[in-house]
Amino acid sequence: AVVGGKLTPARNKALCDARRMGKACVQLSDDISAWEYRHGQMAESRDDDELNAAWKAAKRFILSPVTAARFMLAKMRAAPGDQKPQLGGVYMLRSCARTFASDEISRKHFCLGDFFVVDNSTVKFDDTMTLKEDYDFTCAHIREHGSVMRF
């Protein structure tokens, strides 16, 4: 844990400390209710009933936070191309059924600040922002590294 005062300075301190040590930086909120990953067939349409059925039928994996972070980091490092995403994050809604309407991993979508992994980036949170700083952080990563990975 890194103590840095207010949220944005604490986040930036953790990012700087990890980068200095040559480590990935994992940041998470203390109010996450579940650590799970679902894998299965995509829904055939964006109809809520079909999305819910696909989500329910998917294989459910209960993970530790460390396992989730390692999985995300491995996927980021294995991404095709020369320019690898340096930010991995998660879907922002509690109900993830709608993720079964598109690709398993998206490369240009918002990564929630409640749980994310940064591999090797100089991008920091804008310390002038007091709200929605994670939206700005995602955009900065897309601008700097070409993409992110949202799971």
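Below is a short write-up of the structure. (Residues numbered from 1 in each chain as written. Predicted model: local features only at pLDDT ≥ 70, side-chain atom pairs only at ≥ 80, totals over all residues. Heavy atoms only, no water.)

**A closer look at the sheet that holds strand S6 (residues 149–150)**
Filter applied, for reference: Should DSSP find at least two bridges between two strands, the strands are taken to pair. Per the convention used, a helix needs a DSSP run of H or I reaching at least four residues, while a strand needs a run of E reaching at least two, with both numbered from the N terminus. Every residue pair with non-hydrogen atoms within 4.5 Å of one another is taken to be in contact. The axes used here are C-alpha line fits, helices contributing only the stretch in contact, and every angle between their N-to-C directions lies in the interval 0 to 180 degrees.
Taken together, the four strands give an open sheet; going across it, the order is S1-S5-S4-S6, and neighbouring strands pair in mixed fashion. Only two strands of the sheet have a single neighbouring strand rather than two, namely strand S1 (25–28) and S6. Relative to the sheet, helix H3 (residues 65–77) contacts S1, strand S4 (87–89), strand S5 (115–118) and S6, its axis offset from that of S5 by approximately 45°.

**Focus: the packing of helix H1 (residues 7–21) against helix H4 (residues 133–145)**
For clarity, the threshold we go by: Each residue is assigned to one of three groups, with Ala, Val, Leu, Ile, Met, Phe, Trp, Tyr, Cys and Pro labelled nonpolar, Asp, Glu, Lys and Arg labelled charged, and all others, Gly among them, labelled polar.
Viewed as axis vectors pointing N to C, H1 and H4 meet at an angle of 35°, and their least axial separation amounts to 12 Å. In this structure, H1 uses Leu 7, Thr 8, Arg 11 and Leu 15 to contact H4, whose residues at the interface are Glu 133, Asp 134 and Phe 137. In the contact of H1 with H4, the residues fall into three nonpolar, one polar and three charged.

**Quick look at the side chain of Ser 147**
For clarity, the cut-off: Three exposure classes are used, based on accessible area relative to the maximum for each residue type with a 1.4 Å probe and protein chains only: buried under 20%, partly exposed in between, and exposed over 50%.
Inspection of the secondary structure assignment puts Ser 147 in the loop between H4 and S6. By relative accessible area, Ser 147 is classed as buried at 5%. If sequence neighbours within four positions are ignored, Ser 147 has contacts with Pro 85, Gln 86, Arg 107, His 141 and Ile 142.

**Some remarks on the environment of Val 90**
Topologically, Val 90 is positioned in the loop between S4 and S5. The sequence separation of Val 90 and His 109 amounts to 19 residues, and the corresponding C-alpha distance is 9.7 Å. Setting aside residues no more than four positions away along its own chain, Val 90 makes contact with Met 72, Phe 110, Cys 111, Leu 112, Phe 115, Arg 150 and Phe 151.

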